[in-house]
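Fold and contact review
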Amino acid sequence: MESSENEKSTLHTQICDQLGIQYPIFGFSHSMEVTAAITNAGGFGVYGATRDMPDAIVERLAHIRSMVGDRPFGVDLLLPLGLSNKNDWAEAEAQLPEGHKAFVKYLKEKYQVPDPTGKSFFSSVVRSNEFFEAQVEAVLKSDANMFASAIGTSRDIIERAKSAGMTTLSLIGSPKHIKYAKAAGIDMLVAQGYDAGGHTGPIGTMSLVPQIVDAAGDIPVLAAGGIADGRQLVASLAMGAQGVWLGTVWLITEEHRLSNILLNKIFKAGSADTIISRSHSGKTARLIRTAWSDEWEAEGAPEPLKMPYQHVLIGDLLTGIMEHEVEPLMYEAAGQGVVWCNEISTVQKVIDRLINEARGALKNLR
Ligand SMILES: Cc1cc2nc3c(=O)[nH]c(=O)nc-3n(C[C@H](O)[C@H](O)[C@H](O)COP(=O)(O)O)c2cc1C
């Protein structure tokens, strides 16, 4: 790959030196292999541990370390505030409305979803303070270099992560979140726009990033949401971000090993085929549009329940859908950048492509 010194230095931002990485590309993934491959390709891999039991977190972070050696990687937990204290499945289940249970039964029968043979995170854990604390303790036992979480994470947890020597990072979707991030002493921010896969707020990436950069002061900002092309990396740097944070683009890598059914849905999807729905967790999240989201949007369907009850409601059904690959109902979180995810790739190829496209965009600017 040929490049001038100027292009190299434009794409090598301050955060690269601060964290000891080659490219300002941060990648979020629920796959250990993807996380390690991003780090080994010169980016910064962040492992999403939110669906892992605490014991598994300890083992998996040690496994990632064994794959990356001294290179840096991070771990992300979803720690929403305001949920109940106890991880008590029976108590949460007792509160599910009869109409909602009847709707889930209707979906199971209509699509002939077999019972799952075992339990998954979605059918056994109530998102609750008790469970989050056990996950945080597991993360703090690790030697991960970064602790990432969405805004709302308590100041106490941020302080403990910093005392454990971790860089702390918060994902935010609105300028109004900045004051909490500053008060908690967050080291880095991800400005994650509406275009993003997964839980997301109402402001588009192009409008959000410059606002967060202006309000963040000295705190470095990464841009996220719909980014899957090198031109968007250059645009993000032009908006004052020091790098980009990507989620959707890794789903189509060999390392991720996503099921072929989901891969085909992603390959076929354009930006408008990703929709915002509360049907997954109870909070707004961008998902690939499938019969699952259509059923929850249909006339007469109940409103999804609030977190954590939606996932207690659908946990068994979702586990059955994924285990038995019930094609019409299978879905995954994905952002509007899905339009650039058209064929199976590798993490190294994705990073090479992003850097090549970014260098091309810089040349065009001149
Ligand atoms: C399949 C998938 C799962 C995600 N799960 C989480 C999660 O557990 N925690 C989290 O902080 N962000 C999660 N995200 C959001 C990412 O951290 C990231 O902000 C987002 O993917 C960026 O937008 P993009 O998908 O358009 O690249 C997820 C995203 C995807 C695509």
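Residues numbered from 1 in each chain as written. Predicted model: local features only at pLDDT ≥ 70, side-chain atom pairs only at ≥ 80, totals over all residues. Heavy atoms only, no water.

**Focus: the layout of surface pockets**
Size it by volume and the second largest pocket reaches roughly 280 Å³. Forming the boundary of the second largest pocket are 15 residues, of which Glu93, Val104, Leu313, Asp316 and Leu317 lie nearest the centre. At the level of secondary structure, the elements contributing two or more residues to the lining of the second largest pocket comprise helix H5 (89–93), helix H6 (98–110) and helix H14 (309–323). Counting residues per element, the lining of the second largest pocket draws most heavily on H14, which supplies 5 residues. In the lining of the second largest pocket, the residues fall into 8 nonpolar, 1 polar and 6 charged. (1 Å grid on protein atoms, 1.4 Å probe; cavity = no way out; pocket = protein on both sides within 12 Å on 5 of 7 lines; lining within 4 Å. Points joined across faces, edges and corners; volume = space filled by probe spheres on them. Helix = DSSP H or I, 4+ residues; strand = E, 2+ residues; numbered from the N terminus. Nonpolar A, V, L, I, M, F, W, Y, C, P; charged D, E, K, R; others polar.)

**Describing the site of the ligand**
Looking at the ligand, there are 18 residues lining it, with Gln192, Gly226, Trp245, Gly247 and Thr248 nearest. Within the backbone of glycine 226, a nitrogen or oxygen atom sits 2.7 Å from an oxygen atom of the ligand. Side-chain polar atom of threonine 248 to an oxygen atom of the ligand: 2.6 Å apart, as the coordinates give it. Here the ligand, which alone exposes 590 Å², has 94% of that area covered by the protein. Each residue belonging to the shell around the ligand can be placed in one class, and the counts come to 7 nonpolar, 9 polar and 2 charged. (Near = heavy atom within 4 Å. Polar contact = N/O pair within 3.5 Å; in protein donor to acceptor, adjacent residues only side chain to side chain. Areas by Shrake-Rupley, 256 points an atom, 1.4 Å probe, with all protein chains shown as cover.)

**Re the sheet that holds strand S4 (residues 146–150)**
Whether parallel or antiparallel, the strands of a sheet pair through hydrogen bonds between backbone atoms. Ordered in space as S1-S2-S3-S4-S5-S6-S8-S9, the 8 strands form a closed barrel in which the pairing is parallel. Taken over all neighbouring pairs, the strand axes of this sheet differ in orientation by 25° on average, direction set aside. With 4 bridges connecting them, strand S5 (residues 167–172) and strand S6 (residues 188–192) associate as parallel partners. Bridged to isoleucine 172 within S6 is alanine 191. (Pairing = 2+ DSSP bridges. Axes fitted to C-alpha atoms, helices over the stretch in contact; angles between N-to-C directions.)

**Points about the pattern of salt bridges**
Per the counting criterion, the structure on display carries 15 salt bridges. The salt bridge involving lysine 119 is made with aspartate 316; its shortest N-O contact spans 3.8 Å. Here the residue lysine 119 occupies a position in the loop between H6 and helix H7 (129–140), and aspartate 316 occupies one in helix H14, the gap between them amounting to 197 residues. Note on lysine 119: relative accessible area 60%, which makes it exposed. Between aspartate 229 and arginine 231 there is a salt bridge, and its shortest N-O distance comes to 3.0 Å. On the basis of relative accessible area, aspartate 229 is assigned to the buried category, the value being 4%. Through salt bridges that share partners, Glu133, Asp156 and Arg160 make up one connected network. (Salt bridge = Lys/Arg side-chain N within 4 Å of Asp/Glu carboxyl O. Buried < 20%, exposed > 50% of the residue type's maximum accessible area, 1.4 Å probe, protein only.)

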